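Residue-level structure breakdown
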Protein chains: 2
Amino acid sequence: MTTNQTGRGAADYLLASKRCEILGLEQLLQMGQLVACISQLVHVLQLERGASNMFVGSGGERCADIRKAQIKKAGVAERKFRDYLSGMDIDCQCTSGDSRLLSRVAYALHALDELGEVRREINQLKAVPGTIIDGYSALIQSLLAIVYETADSAADPEVSRLLVAMFHLMQGKEVAGQERAVGSAGFAQGRFDRNFTQRLRRLIDSQERCFQIFLNFSDETYVEQWQAIADSPSSVALERLRRIAFTSVVDGQADRDLSDAWFALTSERIDAMKCIEEAIGSQLSALCRDKVEHARADLDSHRLHLDTLSRKADQPSFAVFFNGNAACAIDNRDNETFETGCAGPQLGRSLFDLVHTQSERLQSMAEELEAARAALAERKTIEKAKGLIMTSRRVSEDEAYRFLRHVAMTQNRRLSDVARDTLAMAELLPSH
Amino acid sequence: MTTNQTGRGAADYLLASKRCEILGLEQLLQMGQLVACISQLVHVLQLERGASNMFVGSGGERCADIRKAQIKKAGVAERKFRDYLSGMDIDCQCTSGDSRLLSRVAYALHALDELGEVRREINQLKAVPGTIIDGYSALIQSLLAIVYETADSAADPEVSRLLVAMFHLMQGKEVAGQERAVGSAGFAQGRFDRNFTQRLRRLIDSQERCFQIFLNFSDETYVEQWQAIADSPSSVALERLRRIAFTSVVDGQADRDLSDAWFALTSERIDAMKCIEEAIGSQLSALCRDKVEHARADLDSHRLHLDTLSRKADQPSFAVFFNGNAACAIDNRDNETFETGCAGPQLGRSLFDLVHTQSERLQSMAEELEAARAALAERKTIEKAKGLIMTSRRVSEDEAYRFLRHVAMTQNRRLSDVARDTLAMAELLPSH
């Protein structure tokens, strides 16, 4: 090594930095597989939610067999999820991101633990439909929160983008599932009252926001797959049913027989989303594997290179860093006018180049990550603003959302900007 | 435990999440001590830079002894820094933040490795003053970049705030050191030309920006200590000398004898800053120790609590999470209207409460962190915009800064907002 000192030198920290990166990527690979497990578990829970609701709603007459089959499938998916978790080394993970992730896992497992008891209550027709929907939805949200956390803590920008896309697709799909439930209930009643349509409208808007972010962070393949869903005859048919639902408030009624068509169309759409989720899941694993391999090869080549350098270490050391050559690598300078090109003797140069490249690469990765994290933060901002309006104005979530949306539309601004200003304003106002 | 399944349960992940937090805090404690080492090393290097400059500038006549003494002190501080680093376990650290941190360390060590060679060149009067200033400044920046990274990757909001304050104080002090050098040279020449005053102005502005952020993130104690410096007679005298420097462009000359007074006043100010740095360093260690202790006690009480719960595990399990009780804990929901209070049977409640509290606390910590990180990101934005203007307009750093400042003043906007827009605009424009 070129260090003239005892103890660890620059090269040791360079290699440690590389090893860190590899460990981070290996963790990401695990996370990707965990997300795939969650995608599957959420899907079957969504179906179980629907069947359980029908079962209880019909006084135990409908969906008994379907529900039994779904519970079995959910059991398989839950087992896989738990097994995968148990295979993870939770003692090695030692950062704040992981600390949040682990607490999300604890949360979701706690929710899963209660599922058995809830199923027994449903068997005995003790639970009411509203409670079932809310309970299953809370459980599903606790699982999606894990996916959110993996996206937020991923250190690789490419993987993070994919996870952000995946999270928003999963979230959009979950909202689509709720639209299915609300619509089914509405058509079954033969009429949508204002409450129903308000909820429907929010669910549709919320889906669109999710899917927009999904598309922004997606590869072209998925954008095309998505477009194929959007352009399908089923989508036209679904839009028609949505219109009927909305106009039924004025017209006074909707055809009850449309309930089955609605359920079939929305289910088809949800299944198509699940296909894209699976494709993203596979790509996620492939991408992480690729990156781990790449980083390992990089580490090996660094080691080799540094060995060669250390065998030449009896040559005189050169001051590459000084003489201004290093200046271009320092991004937080606020002070000097550096104007030198980076030329210097070969030996020092080599170690300097390696260190420099690693620093620059990590820095630009950190900057790229910002974009993906901003999309996640935006989501939080809207949710927080909505919560604030709900508390301060004592209104429902639908009304809070309508208020935000109204301001955004009349001021011709983005929803997230209005949400941010709402929160900023609240800090200025006295609390009550 | 309340889990009905084999494998790890919710309680295990809750404890793992706590352990994670403790590990993160222990790392922060190390980081705080590393930052204290860096503060000391930077300080002696700043003094060595000044003495080396004088030594070479006077053809080896001035400051030879002072320089020798400073080099000795620098050796001690460097040894301490390296020893501290070598005592750190770099294999356990496995996250992206650490990967960046380690690469910054590699960078700084590489710069330090070359210091010996540079000193020999200075001994032989082979180096020119400009190169010496730029070289030492680059070395100091590489050390400050480590502090920046610790502030950026700290997971505890309180510690992060203190590190952000520390970084900006250190950075401001470094810029104050450069102002000292530029002013000394100007007074020694007996005149400040437009180049000199431009640079001086940027250095003063840059300091003020740093100190403002330092104050925003500081405890009252430091704000008071800072105010004492600002209100001192020395500050009045310094402002007077600054004015003389600026008006000398018009007047045509400045009293050469003021050079010594300038040097004494600026040095006194810098030493006062160093005192605050040391106080922050001590507080940082105390704070981290306190937090580690707290977290450990918390973990112990959790363990005890969970043991009690598991001994009661033969009691029936209760569905606390379902029945809507868990709803209030889910922050990424976009879908349900939960309106239940969180009441439920005692046993389930206890584990649920622990998990819930941990999730909520980590979430709100993550949100608080944003503010501190935003201050760091702002700094990066201004630097990047300046760099962009330098490249695209082929102007010096001073001119780029003046341009940004001019736009901000004429549009009555914050410098960082103008910088952000500059970068956003550049993405829209074709590259050249």
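Source: prediction; values computed, not measured.

**Here's the deal with the overall build of chain A**
Within chain A, the secondary structure is distributed over 13 helices and zero strands. Secondary structure elements of chain A, listed N to C terminal, follow the sequence α-α-α-α-α-α-α-α-α-α-α-α-α. The buried share of chain A, reckoned over its 432 residues, is 55%. Long-range pairs, those at least 24 residues apart, make up 80% of the contacts in chain A between residues at least 6 apart in sequence. With the model as given, the accessible surface of chain A reaches about 18300 Å², and the carbon-plus-sulfur share is 52%.

**Focus: the layout of surface pockets**
It is the rolling of a water-molecule-sized probe over the atoms that shows where space remains empty. Residues and elements named next belong to chain B. Roughly 950 Å³ of internal volume is contained in the second largest pocket. If you trace the second largest pocket, you find 32 residues lining it, with N53, I133, A181, V182 and A185 closest to the centre. For the lining of the second largest pocket, the elements supplying multiple residues, two or more each, are α1 (10-57), α5 (129-153), α6 (157-189), α7 (194-216), α10 (258-311) and α12 (397-410).

**Quick look at the pattern of salt bridges**
Under the definition given, this model contains 50 salt bridges over all chains. Where E21 of chain B meets K18 of chain B, a salt bridge forms, and the shortest distance between an N and an O atom there is 3.8 Å. Pair noted here: E21 of chain B and K18 of chain B are both in helix α1, with a separation of three residues, about one helical turn. No difference in accessibility class separates E21 of chain B from K18 of chain B, as the two residues are buried. Each member of the salt-bridge network shares a partner with another, and the members are R202, E383, K386, E397 and D398 of chain A.

**Section: the packing of aromatic side chains**
Tallied over the full model, the rule gives eight aromatic pairs over all chains. For the ring pair Y148 of chain B and F167 of chain B, a centre distance of 5.3 Å and an interplane angle of 75 degrees mean the geometry is edge-to-face. With a gap of 19 residues between them, Y148 of chain B in helix α5 and F167 of chain B in helix α6 connect regions that are remote in the sequence. For the ring pair F214 of chain B and W226 of chain B, a centre distance of 5.7 Å and an interplane angle of 70 degrees mean the geometry is edge-to-face. With F214 of chain B in helix α7 and W226 of chain B in helix α8 (residues 220-231), this pair connects stretches of sequence that are twelve residues apart. Residue classification places F214 of chain B among the buried positions, given a relative accessible area of 0%. By the ring-pair criterion, three or more aromatic residues cluster together here, those being F211, F214 and W226 of chain A.

Conventions used here
Residues numbered from 1 in each chain as written. Chains lettered and ligands numbered in written order. Predicted model: local features only at pLDDT ≥ 70, side-chain atom pairs only at ≥ 80, totals over all residues. Heavy atoms only, no water. Helix = DSSP H or I, 4+ residues; strand = E, 2+ residues; numbered from the N terminus. Buried < 20%, exposed > 50% of the residue type's maximum accessible area, 1.4 Å probe, protein only. Contact = heavy atoms within 4.5 Å. Areas by Shrake-Rupley, 256 points an atom, 1.4 Å probe, with all protein chains shown as cover. 1 Å grid on protein atoms, 1.4 Å probe; cavity = no way out; pocket = protein on both sides within 12 Å on 5 of 7 lines; lining within 4 Å. Points joined across faces, edges and corners; volume = space filled by probe spheres on them. Salt bridge = Lys/Arg side-chain N within 4 Å of Asp/Glu carboxyl O. Phe/Tyr/Trp six-rings, centres within 6.5 Å; stacked < 30°, edge-to-face > 60°.

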